[in-house]
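Take a look at the letters that make up each chain.
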Amino acid sequence: MDNTNSRFCLICDELEQESHLAEDIRIDREKCCNCGGCVGVCPDDALVLMDTELKVNIEKCTLCRHCLLFCPVEAIEIGAGDSPPHQPETDIIHTDVVVVGAGPAGSICAKYLAQSGVDVLVVEKKQEIGVPKRCAEAVDFSVFQKVAIEPHPLWMIHRLYKAILHAPNENCVKFGALTQMESGCIIERKVFEKHLAKDAICAGARYWLKTTALRVLKEKDDVYGVVVGHMGVEKTIMAQITVAADGVDSKIAKSAGMDTINPLNSYMSCFQYEMAGLSNIDEEAIHLYYGSTIAPGGYLWIFPKGNSLANVGVGINVLKSQDKSAKHHLDSFIGNHPIIFKGASPVEINSGGVPVHQTLETLACNGLMIIGDAAQLVNPVTGGGIDLAMLSGKLAAEVAVDSLHKNDVSKKSLSTYQNRWELLFGKQLKRMHRLKKFMGNLSDDDFNRLADILSSRNLQDLAEGRFSGFVKLLLKKMPSLAKFAVKFLKSNS
Ligand SMILES: Cc1cc2nc3c(=O)[nH]c(=O)nc-3n(C[C@H](O)[C@H](O)[C@H](O)COP(=O)(O)OP(=O)(O)OC[C@H]3O[C@@H](n4cnc5c(N)ncnc54)[C@H](O)[C@@H]3O)c2cc1C
Ligand code: SF4
Ligand code: SF4
């Protein structure tokens, strides 16, 4: 290949001489915002934007530099291989609290902190809050009041009053909400997350997007902030308290030395289509399907969003799925249910992981608090975590404010958050873990028989962690399962 490039520039009409190798063209992914502008300006079709990844075909690139001139964020470099190694600029910023992650946990935490006059900076690695969505968007309506959010029609788009549980043989049990507050709803998550950030910003919080927290700053056992990468520039954020709200991909708590691993057998692999054109489905209900063929170790869901739209997804335990992926299970289900899906197509693909492991043992250390999915605060039976993320964000903020007032950000002081969490939600979560274990050991036949005997009332009790009525019912109608239920469900807490 001729390494010397010589061509007329399409912008200035002058002969361009380049002696760099085409391999010398580099895209700084931390800076690139995936706008596609360079693709449009490249005369040689050497650039392709694949969803969110820009690729250069070095065989085609003639090093004309048009992309480099065009790029609004200086993400393209040519010939950088010849320059001295890049020295990251280092700024030092001081704040009371740095929150890593602008999901529901981080933004609610930031709002409560800012409302109390705390200087709070939220860093978010994505360039757009809420995108891509990794969610089926169902939430208990009652949670909004608990975190002082006024539901808005821009994001609170659909109400749900029932749950319909389908056994493996597709017999079903219906479960209805008793009051408005007990009902659920579907949120438009991308709008919702921005709304939460807007509330926090209006209360006084600062947000930095496209800013990845790389590691905590730590001396001995004390965390005192984070180092972040912000569009190619490294910055040091010194804070009295660091809040890890960085979700399932949490690395912040880990970098502080905490054990945050998600074991494969308690980490659901999820795949979902948001689909349009569904028919013959009750749009006031969430639909949950169980069975070892449909969703091994988990369940499949259809959460209607109204107007023929729905989130249709599946969460599976990969260790029980015999090498078949979540996508495989979902596609099979859709193919086997033409009455619902004939004429329906996806408008969005979502995937992700849900931690259904026990809550982390420690939710705070000196200068650090962990909230939301990062702390594995998820209902293990439903996989729902938005409500717990927001409630943990609120609680952590309240304790952080007290600790800052007392000028004591030690583990002991910040652990008040964990103690209060345990008091408010710990028992309930533990019960849900027992129920999850019990369900994980049921055969398809057990599920089918349970669907025949369970009433709406029984299901409500189970969902709220009251097991005694259920055990009595089993003793009467399925004694073989009763022993088993006692083993898993019986406990004093
Ligand atoms: C397919 C699927 C469906 C689901 N459906 C539901 C549902 O219907 N209802 C429900 O209640 N829950 C659902 N969940 C779970 C729910 O999405 C989570 O429990 C919830 O998002 C937790 O909120 P969070 O703020 O803790 O974390 P996240 O929402 O994950 O937010 C974490 C944020 O931190 C950012 N971040 C991560 N690392 C860094 C870093 N190093 N630096 C800067 N920023 C960083 C991320 O970009 C992200 O914005 C679902 C999950 C999946 C995967
Ligand atoms: S113009 Fe710059 S920001 Fe836009 S896609 Fe190209 S490299 Fe990325
Ligand atoms: S240098 Fe020119 S040919 Fe190469 S990718 Fe950029 S615009 Fe295309």
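Residues numbered from 1 in each chain as written. Chains lettered and ligands numbered in written order. Predicted model: local features only at pLDDT ≥ 70, side-chain atom pairs only at ≥ 80, totals over all residues.

**Points about the overall build of the chain**
To keep things clear, this is the line we draw: Numbering goes from the N terminus for both helices and strands, where a helix is a DSSP run of H or I of at least four residues and a strand is a run of E of at least two. Within these notes, the globule rule equals 2.2 Å times the number of residues to the 0.38 power, and the radius of gyration is based on C-alpha atoms.
Across its full length, the chain carries 15 helices and 24 strands. In terms of overall dimensions, the chain is globule-like: its C-alpha atoms have a radius of gyration of 26 Å, near the 23 Å expected for 493 residues. Expressed as lengths along the three principal axes of its C-alpha atoms, the size of the chain is roughly 90 × 60 × 40 Å.

**Side note on the site of ligand 2**
Defined as follows: Defining nearness, a residue is near a molecule or strand when the C-beta atom obtained from its backbone falls within 6 Å of it. Under this grouping Gly is polar, as are all residues other than the nonpolar Ala, Val, Leu, Ile, Met, Phe, Trp, Tyr, Cys and Pro and the charged Asp, Glu, Lys and Arg.
In the vicinity of ligand 2 lie 15 residues, with C32, C35, C38, C71 and A75 positioned nearest. A class-by-class count of the residues in the shell around ligand 2 yields twelve nonpolar, three polar and no charged.

**Observations concerning the packing of helix α9 (residues 386-405) against helix α11 (residues 416-440)**
Geometrically, a packed helix pair is captured by the angle between its two axes and the distance between the axes. As a reminder, the rule being used: Lines fitted to the C-alpha atoms define the axes, with helices restricted to the stretch that makes contact. Angles between their N-to-C directions range from 0 to 180 degrees. Roughly parallel means an angle under 35 degrees; roughly antiparallel, over 145; roughly perpendicular, 65 to 115; everything else is oblique. Handedness of a crossing follows from how the near helix is turned relative to the far one, being left-handed for an anticlockwise turn of less than a right angle and right-handed for a clockwise one. Residues are defined as contacting one another if the C-beta atoms placed from their backbone atoms lie within 7 Å.
With their axes 9 Å apart at the nearest point, α9 and α11 run at an angle of 140 degrees to one another. Overall, the two elements α9 and α11 adopt an arrangement that is oblique. Crossing angle aside, the handedness with which α9 passes α11 is right-handed. Note on element contacts: α11 touches α9 through T416, Y417, R420, W421 and F425, opposite L388, S392, L395, A396 and V399. Of the residues assigned to the contact of α9 with α11, the class counts are seven nonpolar, two polar and one charged.

**Some words on the site of ligand 1**
Worth spelling out the cut-off: Per the annotation, domain bounds derive from an automatic or database assignment of domains.
Near ligand 1 there are 41 residues, and of these G101, G103, G247, G372 and G385 occur at the shortest range. For the shell around ligand 1, the secondary-structure elements that each account for two or more residues are α3 (104-115), β9 (138-140), β15 (211-219), β18 (267-276), β22 (345-355) and α9. Counting contributing residues, the shell around ligand 1 receives three or more from each of domain 2 (89-137 + 188-261 + 357-414) and domain 3 (264-353).

**Some thoughts on the nonpolar core**
Under the convention used in this document: Any set of buried Ala, Val, Leu, Ile, Met, Phe, Trp, Tyr and Cys residues joined through C-beta atoms within 7 Å is what this text calls a nonpolar core. Residues with at least 20 neighbouring C-beta atoms inside 10 Å of their own are called buried, those with 12 or fewer are called exposed, and the rest are partly exposed, where every C-beta is derived from the backbone.
Ranked by size, the top nonpolar core spans 108 residues in total, and within it C109, V243, M369 and I371 carry the most contacts. Looking at this core element by element, the count peaks at eleven residues for α9. Residue contributions to this core reach at least three from each of two domains, namely domain 2 (89-137 + 188-261 + 357-414) and domain 3 (264-353). Discounting residues that sit within four places of it in the chain, I371 has contacts with A105, C109, V243, A245, A389, S392, G393 and A396. If you look at the next biggest cluster of nonpolar residues, it comprises 14 residues, including I25, A46, L54 and A75.

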